[in-house]
Amino acid sequence: TGSGLKLENDGAGFETAGPGGIYHPARAAVAGEHLVLTSQVPSPVWLRYGWAGAPMVSLYNAEDYPGDGFFVKFDRACDTAGIDSGSGCDLYDD
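Residues numbered from 1 in each chain as written. Predicted model: local features only at pLDDT ≥ 70, side-chain atom pairs only at ≥ 80, totals over all residues. Heavy atoms only, no water.

## Quick notes on the packing of aromatic side chains
Next, step 1: For the coordinates displayed, the defined rule picks out 5 aromatic pairs.
Next, step 2: Directly above the aromatic system of Y23 lies the positively charged group of R48, at a separation of 3.6 Å from the ring centroid. (Phe/Tyr/Trp six-rings, centres within 6.5 Å; stacked < 30°, edge-to-face > 60°. Lys NZ or Arg CZ within 6 Å of the ring centre and 35° of its normal.)

Following this line, the structure appears as structure tokens:
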């Protein structure tokens, strides 16, 4: 898996959706070992990255290996202040 996280291409490729499943772009940033996302979706419950036929990748580890695309669901709706593993918005694979 390598070490550390970094973003290129302005963190492109992240999207969030509410319960209705309509996806909107999300802004991504790296804060230490956390990936923090902000979104225009008021209460996101879905997150996906690299979910396209030819996605623009932006997530890499410190050794420059790109992260794979993924699709996850939050265990509850999150606020838009930021989504990270320390916010209480835990993720699980659906």
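## A closer look at the side chain of N61
Next, step 1: For N61, the location among the structural elements is in strand β6 (residues 59-61).
Next, step 2: Separated by 3.0 Å, the side chain of N61 and the backbone nitrogen of Y65 make a polar contact. (Helix = DSSP H or I, 4+ residues; strand = E, 2+ residues; numbered from the N terminus. Polar contact = N/O pair within 3.5 Å; in protein donor to acceptor, adjacent residues only side chain to side chain.)

## Some words on the confidence of the model for the chain
Next, step 1: For the chain, per-residue confidence averages 80 on the pLDDT scale, and residues scoring 70 or more make up 78% of the total.
Next, step 2: A low-confidence stretch, residues 80-88 stays under pLDDT 50, and its non-local contacts, those more than four residues away or across chains, total 27 contacts.
Next, step 3: With pLDDT under 50 throughout, residues 90-94 is counted as low confidence; its partners more than four residues away or in other chains account for 14 contacts. (pLDDT = per-residue confidence, 0-100. Contact = heavy atoms within 4.5 Å.)

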